[in-house]
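# Descriptive analysis of the structure
Spelled out from the first residue to the last, the chains are:
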Amino acid sequence: MKTNHAIRASLAALAFGCTLLLPVAGHARGYTPQGLCGGYTRLDIGSPAGTCVALLADEAQGLRAPRRILEVAPGRYWVVDMGSWEPRRGRLLEMVLPTEGAAPRRARFSVLAEQLDRPLGLVAGPDGKIYVGESGTIWRTPIPLPGGTLQRETVIDGLPGDGTHPLKELAFGPGGRLYVNVGSDSDACRDPSSKQYPLPCPDLAGPKPRAAVYEAVLAGPDHKLQSFKPFATGLRNSVALTVLPDGPAKGTVLQGENSIDYEDVGQPPEELNRLQAGRDYGWPYCVGNRQPARGYENRHDCKATEAPLMLWPAHAAPLQMITGPADSRFAGQLLVAWRGHQPPGHRVVGYKLDARGLPSGKPIEWLAGWSPKAGVRPMGRPTGITVDRQGRLLAVEDFNRTILMLLPDTGAAPQK
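Described in the following lines is the structure provided in the data block. Residue positions within a chain follow its written sequence, with the count starting from 1. In keeping with the predicted nature of the model, local features appear solely for residues at pLDDT of at least 70, side-chain atom pairs appear and are counted solely at 80 or more, and the whole-chain, interface and lining totals rest on all residues. Side-chain measures here rest on the full set of heavy atoms in the structure, leaving out hydrogens and waters.

## Considerations on the overall build of the chain
Basically, it comes down to this: Strands here mean DSSP runs of E at least two residues long; helices mean DSSP runs of H or I at least four residues long; both are numbered from the N terminus. With C-alpha atoms as the basis for the radius of gyration, the globule rule is written as 2.2 Å multiplied by the number of residues raised to the power 0.38. Exposure categories follow from relative accessible area, calculated using a 1.4 Å probe and restricted to protein chains: below 20% of the type maximum is buried, above 50% is exposed, and the middle band is partly exposed. Any two residues whose heavy atoms approach within 4.5 Å are treated as being in contact. Lys and Arg are tallied as positive, Asp and Glu as negative. Neither His nor the chain termini are counted. To locate a charge, take atom NZ for lysine, CZ for arginine, CG for aspartate or CD for glutamate.
Within the chain, the regular secondary structure consists of 1 helix and 28 strands. In terms of overall dimensions, the chain is globule-like: its C-alpha atoms have a radius of gyration of 21 Å, near the 22 Å expected for 416 residues. Dimensions of the chain, computed from the C-alpha atoms along their principal axes, are close to 65 × 55 × 50 Å. Burial statistics for the chain: of 416 residues in total, 56% are counted as buried. Sequence-distant contacts, at least 24 apart, represent 56% of the contacts inside the chain between residues at least 6 apart. Seen as two clouds, the 47 positive and the 40 negative side-chain charges of the chain have centres 1 Å apart.

As structure tokens, this is what we get:
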């Protein structure tokens, strides 16, 4: 018989899986080819003038729920495919793009690792190794030669992998600092029957709180773990996490908050937070610009928490953030994948960095107009983005099981 905790964890995981609508069985994702884009299948997804969106791969290449993508060496891309919300269904894949052959071309894949436990984070470390975040552990490996095997080395273990937010996002900062998402156990510090837990919220108690971003310090010639402790708290689920690499705000940790799930359209807003050591950002007591969350009115001083750097539309669901490389058309921008099913989610946007080096202004839409259109496309579900060495934006969708690329439009006429 399951314990009460096991039942609660199972219900929470089920609820989260239903919220994100990950696929559990293979079936068509709903895209209809619209001609060619750079030798690949063109999809009808909004993009800037002079560009088009190419389909590199989908479930025909075995994709199940891709979440992250990163070019680890010239022309070699690693893809985290979470598989499903069930443990040990994830894989790490290598993708190579064809340079010749009849159009439309498709990417080729090989499997580097299997039976990963709900993997998400995928980043290059200062030691030249690639770091992978599974639900309960973070490990790294040198990049093997093509066809070679991984040399897996555990960096951090024993992380909480239960509850509603088990995924671990990773972001490197200066000085060998690695920032890690440890998401909350529940949506709003309530049990499966929606009854509020007593104050203070159990997730925030003790020396190892959840709903936090942790800071690991790696040092020495072998980049060994020196310390691992909470950096900022009151953060529901920091799967959108990045560190600004240069400019006036170099080293600034930015977090895109997936806020509490009200059913209302337009409430509460998502947040872009500038994280500072030891600061509290309000979850579960506060939402938006330090406003009381439902059920916590007059029970917590939200003015004592940190205000967001920027408010984003409710239910936009930021699932990854990166900074555009200096030698690309995305230079000087914070790029964000918004997966949310309500407007104005389902798009990839950019925010220009201002004189302070921080994102500001209105969003620049790189992939938009991604609402469902019968017989043409499903609703967009971008979960991960990267910009490769050639300055091309790539995006992955978990529910639609695709890998996409933004390319120059050479004017190929749609096929009838």
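## Digging into the side chain of S328
For clarity, the cut-off: Polar contacts, as counted here, are pairs of nitrogen or oxygen atoms within 3.5 Å of one another; within protein the pair requires one atom able to donate a hydrogen and one able to accept it, and residues that are adjacent in sequence qualify only if both atoms are side-chain atoms.
Mapped onto the fold, S328 is located in the loop between strand 22 (318-323) and strand 23 (333-338). In terms of polar contacts, S328 uses its side chain to reach the backbone carbonyl oxygen of P325, at 2.9 Å.

## Topic: the sheet that holds strand 11 (residues 153-156)
Here is the rule we go by: For two strands to be treated as a pair, DSSP must find at least two bridges joining them. Axis geometry follows a simple rule: fit a line to the C-alpha atoms, using only the stretch in contact for helices, then measure angles between N-to-C directions, giving values from 0 to 180 degrees.
Here 4 strands make up an open sheet; going across it, the order is 8-9-10-11 and the pairing antiparallel. The open sheet has two free edges, formed respectively by strand 8 (122-124) and strand 11, since each of these has just one partner strand. When the angles between neighbouring strand axes are averaged without regard to direction, this sheet yields 30°. The pairing of strand 8 with strand 9 (residues 130-133) spans 3 bridges and is classified as antiparallel. Across the sheet, A124 pairs through a bridge with I130, a residue of strand 9.

## Digging into the pattern of salt bridges
Rules: We define a salt bridge as a side-chain nitrogen of Lys or Arg found within 4 Å of a carboxyl oxygen belonging to Asp or Glu.
Applying the stated criterion across every chain yields a total of 28 salt bridges. The partner of E215 in a salt bridge is R177, and the shortest N-O contact between them spans 3.4 Å. In this pair, E215 is assigned in strand 14 (residues 212-219) and R177 in strand 13 (residues 177-182), connecting sequence segments 38 residues apart. Taking relative accessible area as the criterion, R177 reaches 34% and is therefore assigned partly exposed. The salt bridge partner of D388 is R392, with a shortest N-O separation of 2.9 Å. Several salt bridges share partner residues, and in doing so they unite D127, K129, R140, E153 and K224 into one network.

## Notes on unusual backbone geometry
Of the consecutive residues L199 and P200, the connecting peptide bond is found in the cis state with omega at -10°. Here Q115, not a glycine, exhibits a phi torsion of approximately 55°, which is positive. Within the secondary structure, Q115 is located in strand 7 (residues 108-116). Using a relative accessible area of 57% as the deciding quantity, one classes Q115 as exposed. With phi around 55°, A211 is a residue other than glycine that occupies positive phi space. By the secondary structure assignment, A211 is in the loop between strand 13 and strand 14. Classification of A211 by relative accessible area gives buried; the value is 0%.

## Looking at the pairing of strand 28 (residues 402-408)
In terms of residue burial, strand 28 counts as a mostly covered element, since 6 of its 7 residues are buried. Bridging between strand 3 (residues 51-57) and strand 28 involves 6 bridges; their strand directions are antiparallel. What sits directly across from C52, in strand 28, is L407. Relative to strand 28, strand 27 (residues 393-397) runs antiparallel, the two being bridged by 4 bridges. Paired with E397 across the strands is T402, a residue of strand 28.

## Topic: the packing of aromatic side chains
Just so we agree on the cut-off: By convention, a stacked pair of Phe, Tyr or Trp rings (six-membered ring in the case of Trp) has centres within 6.5 Å and planes under 30 degrees apart, an edge-to-face pair has planes over 60 apart, and any other such pair is tilted.
Under the counting rule described, the total for this entry stands at 7 aromatic pairs. For the pair Y214 and F228, a centre-to-centre distance of 5.0 Å together with 25° between the ring planes defines the contact as stacked. Of this pair, Y214 sits in strand 14 while F228 is found in strand 15 (residues 224-233), placing the two residues 14 residues apart along the sequence. Look at Y214 and you get buried, because its relative accessible area is 5%.

## Some points on the sheet that holds strand 4 (residues 66-73)
Taken in spatial order, the 4 strands of this open sheet run 4-5-6-7, and their pairing is antiparallel. With partners counted over all chains shown, the strands left at the sheet margins are strand 4 and strand 7, one partner each. Mean inter-strand twist for the sheet, computed between neighbouring axes without regard to direction, equals 20°. Bridge count between strand 5 (residues 76-81) and strand 6 (residues 90-96): 6 bridges; the pairing is antiparallel. When the bridges of strand 6 are listed, W78 appears paired with E94.

## Topic: the state of the cysteines
Put simply, the rule reads: Cysteine sulfur atoms that pair up within 2.5 Å are treated as a disulfide.
Taken as a whole, this structure holds 3 disulfides when the rule is applied. Two residues, C286 and C302, share a disulfide whose sulfurs are 2.2 Å apart. The sign of the S-S torsion, about -95°, decides the handedness of the disulfide formed by C286 and C302: left-handed. Placement of the pair is C286 in strand 19 (residues 286-287) and C302 in the loop between strand 20 (291-292) and strand 21 (310-312), with a sequence separation of 16 residues.

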